[in-house]
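# Coordinate analysis (summary)
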Amino acid sequence: MKKFYITTPIYYASGNLHIGHLYTTTIAWAFKNYKKLMGYDVRFLTGSDEHGQKIEQKAKEHNLEPQVFVDSVVDKFKQMWLDFDIDYDFFSRTSNPKHKKLVQEIFSHFLKQGYIYKGNYEGWYSIQDEEFLTETQAVKKDGKLYHPSSNHELTKVSEESYFFKMNDFSDWLKDYIKNNHNFLFPKKIENEMLFNFINKGLEDLSITRTNINWGIKINEDTKHTLYVWLDALCNYITMLDFDINNPTSSELFNDFWNDENTEVVHILGKEISRFHMIYWPIFLKALNIKQPTRIQSHGWIITPEGKMSKSKGNIIDPYNLISKYHPEMIKYFFVSQFPLGDDLVFDENRFIDVINSDLVNNFGNLVSRVLKMILQNFKKSLKYQKTTDTNNQEIELEIKKSMQLFTNYFNDFKVDLAFNVAIELGNKLNKYIDITKPWTLTNELDKLEQILVRLLNGIYAFACYLQILLPNKIKEVAKVLKINNFTFSEIQNFNKFDNLLPEGQYLFFNRIKK
Ligand code: MSP
């Protein structure tokens, strides 16, 4: 069985999650669902990034010990995934003792291998982004320095630090990227990585901080805590029990990372591309383990008023959305409407239009119309037969073709185009009804039967695609159609309804009123 491992970033346990985090997690979850349907053995990781100065400060603001504080935040994360019906296999926490131990050993290994040296860090740091910056990277305003993309204020840091020799790996990484076109996506971010960082020669990276208590202390020098990004990135392998002192000892790691047939995919927002596309591959190279198959960044959710920020007051709370809409509507909207990599505007008006058009009208009405016609005209199941009618033949072809197109796009991470194929199939099925006018055929039941059974097969394919994003609602449809589940391999078999008489009535979703 082929294996697939997909991850989201582990989110800072510093506050509530917003729809940006929901967006990333939904994308990864959709791929998890898709690959499962394609027969892969799948593992899906999400989690929380719990160390560092920002979280230490937040805990203090709440008058809580950091561990108590992050525990309460993590409870909320898990509740949110439950409320959105996002199921995962691993919830990775960087404060878990196993992770801490394995990362300490990774640090020791790097030190022993000579990839690390001790020095002094003199420069700037963004606590909010947990990112080191040089003065030239920063934006200057009123005598202060700010992060160039997040605009967070930078603080001056001058402390002893261990450095990782990133620059020793610049040429290796450049070649690896050149020889592996399916590694970094989207291409505009790959170019940014190459031209802004890698081609210029990488700077060695400070990977420990002093004066920070809330972090993983290194065994060799306990006043140093690990830089949160080294700590956090390693979660992707420590959750699989990767042990540098015994690299082949973990079955999970062997199966879901190391096996040459295993596909490993990281999904993340564009602002953390540098960490995932430069530092992470280099750390893996230094650990002498396989690279992920694909590192895919995506754009930001912005609102019609621009980027979400506390100061603008335009942060969209996912709970506000599920108080009004079914969570599967929201997940459908996120994945089906936007190319991965582009920024997307979350506009509630557009959201309502899309749901009404795709799910209420296109799919929902199709299902209820077809079931009603079956109920009104047949007491027994409909048997598929080949016919010479060109409309019948054309729609069969469209149904079959849609599967190839849908899977090609999905395999290529073009999720918006994949769902467009599903919607186009729905349009064609609705048009087929308009052309064949089944309501005029109540005295020609043989003809009517052949039309309706094709429509049932079309609905089957459409539902098969939609179940990736709407698994609960599509389970209801399966029940109504009296089938166990929707599988890709059955799409081409038009006889599957031969012995089934679907229920007569079903309403998928009510129209959303504006
Ligand atoms: N803890 C690090 C990640 C470590 S992974 C080894 C981190 N956490 S975070 O809480 O800041 O989450 C960042 C992620 O949240 C982004 O990569 C993205 O997935 C998501 N988003 C946050 N804001 C977003 C938008 N406005 N739009 C889309 N996604 C955004 O960085």
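Anyway, here's the lowdown on the structure attached to this text.

Cut-offs and rules
- Residues numbered from 1 in each chain as written.
- Predicted model: local features only at pLDDT ≥ 70, side-chain atom pairs only at ≥ 80, totals over all residues.
- Heavy atoms only, no water.
- Buried < 20%, exposed > 50% of the residue type's maximum accessible area, 1.4 Å probe, protein only.
- Helix = DSSP H or I, 4+ residues; strand = E, 2+ residues; numbered from the N terminus.
- Pairing = 2+ DSSP bridges.
- Right-handed = clockwise from strand over helix to strand, strands pointing away.
- Contact = heavy atoms within 4.5 Å.
- Axes fitted to C-alpha atoms, helices over the stretch in contact; angles between N-to-C directions.
- Polar contact = N/O pair within 3.5 Å; in protein donor to acceptor, adjacent residues only side chain to side chain.
- Expected span 1.5 Å × (residues − 1).
- Bend = angle between axes of the 7 residues up to and from the residue.

As a further point, take the pairing of strand E1 (residues 3–12). The buried count for E1 comes to ten of ten residues, which makes it a mostly enclosed element. With eight bridges joining them, E1 and strand E2 (residues 41–49) adopt parallel strand pairing. Along E2, the bridge assignment pairs Thr-7 with Leu-45. Of the crossover connections in this fold, the one passing from E1 over helix H1 (residues 19–37) to the parallel E2 is right-handed. Direction of pairing for E1 relative to strand E13 (residues 263–269): parallel, over a ladder of four bridges. Residue Tyr-5 lies in a different strand from E13, and its bridge partner there is Val-264.

This brings us to the sheet that holds strand E9 (residues 184–185). In space, the six strands of this open sheet follow the order E3-E2-E1-E13-E14-E9, with parallel pairing throughout. Both outer strands of the open sheet, strand E3 (90–93) and E9, are each paired with one neighbouring strand and no more. Of the strands in this sheet, E1, E2, E13 and strand E14 (294–298) touch H1, which is tilted by about 170° from E1.

Assignment of secondary structure puts Lys-32 in helix H1. Reaching out from Lys-32, the side chain makes a polar contact with the side chain of Asn-33 at a distance of 2.9 Å. Other than its neighbours up to four places away in sequence, Lys-32 contacts Phe-4, Ile-6, Val-42, Phe-44 and Asp-87.

Locating Ser-149 in the fold gives a position in the loop between strand E7 (144–146) and strand E8 (155–164). Taking the C-alpha atoms as reference, Ser-149 lies 8.0 Å from Glu-271; in sequence the two are 122 residues apart.

Next up on the list: helix H10 (residues 273–287). For an α-helix, 3.6 residues make a turn, and residues three or four places apart therefore share a direction. Look at H10: 20 Å from first C-alpha to last across 15 residues, which is about the 21 Å you get at 1.5 Å a residue. At Tyr-279, H10 shows its maximal bend, which comes to roughly 30°, and the proline Pro-281 appears one to four places after that position. Among the 15 residues of H10, 14 are classified as buried, and the element is accordingly described as predominantly covered. Downstream of H10 by a residue or two, Asn-288 has a phi angle that is positive, lying close to 65°.

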